[in-house]
Amino acid sequence: AMRPNVVDLIDLVSEPSEMGLRLDEFSVARGSALDGSSLGEANVRDRFRVTIVAVRGDGRPVRLHPEPTERVAAGDIVVAMGQEDDLKRLQAACRG
């Protein structure tokens, strides 16, 4: 069944919009600010003003809406939603 609100949200974060929200994914590099840290320790929400939607790691299932205690490691993929400039800062932190 079609869920118009879900479709609207996907459209909102998939295409440039008035709100400027985007959904993107970044690989965590070895030695980066996030490597070996929990999302809370890295202060991702306050520091980058983004929402982490999911974390995917080697051989582990996707963790949707991860808790602040969720640890990320080199090679993990972090899926985040936020403003383009904030996502760019998160991307830079993931690169190291």
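Predicted, not measured: the structure shown is a model, and the values here were computed from it.

### Things to note about the sheet that holds strand β4 (residues 77-83)
Okay, so step 1: Pairing in this open sheet of four strands is antiparallel, and the strands run β1-β4-β2-β3 from one edge to the other. Of all strands in the sheet, those with a lone pairing partner are β1 (21-27) and β3 (63-64), marking the two edges.
Okay, so step 2: In this structure, strand β2 (residues 51-56) lies alongside β4, joined through five bridges in antiparallel fashion. For V55, the partnering residue across the bridge sits in β4 and is V78.
Okay, so step 3: With respect to the sheet, helix α3 (residues 84-95) is in contact with β1, β2 and β4, its orientation differing from that of β4 by roughly 155°.

### Here's the deal with the confidence of the model for the chain
Okay, so step 1: Put simply, the chain has an average pLDDT of 88, and 82% of its residues get 70 or more.
Okay, so step 2: The weakest mean pLDDT in the chain belongs to helix α1 (residues 4-14) at 67; the strongest belongs to α3 at 96.

### Thoughts on unusual backbone geometry
Okay, so step 1: Positive phi values are uncommon outside glycine, yet N43 reaches one of about 55°.
Okay, so step 2: The residue N43 is located in the loop between β1 and α2 (44-48) in this model.
Okay, so step 3: Its relative accessible area of 37% is what places N43 among the partly exposed residues.
Okay, so step 4: Positive phi, normally seen in glycine, also occurs at H65, with a value near 45°.
Okay, so step 5: Note that H65 resides in the loop between β3 and β4.

### Digging into the pairing of β4
Okay, so step 1: Where β1 lies against β4, seven bridges are found, and the strand directions are antiparallel. Following the sheet pairing, F26 is matched in β4 by V78.

### Comments concerning the environment of G96
Okay, so step 1: One can find G96 in the segment after α3.
Okay, so step 2: Residues G96 and L34, spaced 62 residues apart in sequence, show a C-alpha to C-alpha distance of 8.3 Å.

Conventions we followed
Residues numbered from 1 in each chain as written. Predicted model: local features only at pLDDT ≥ 70, side-chain atom pairs only at ≥ 80, totals over all residues. Heavy atoms only, no water. Pairing = 2+ DSSP bridges. Helix = DSSP H or I, 4+ residues; strand = E, 2+ residues; numbered from the N terminus. Contact = heavy atoms within 4.5 Å. Axes fitted to C-alpha atoms, helices over the stretch in contact; angles between N-to-C directions. pLDDT = per-residue confidence, 0-100. Buried < 20%, exposed > 50% of the residue type's maximum accessible area, 1.4 Å probe, protein only.

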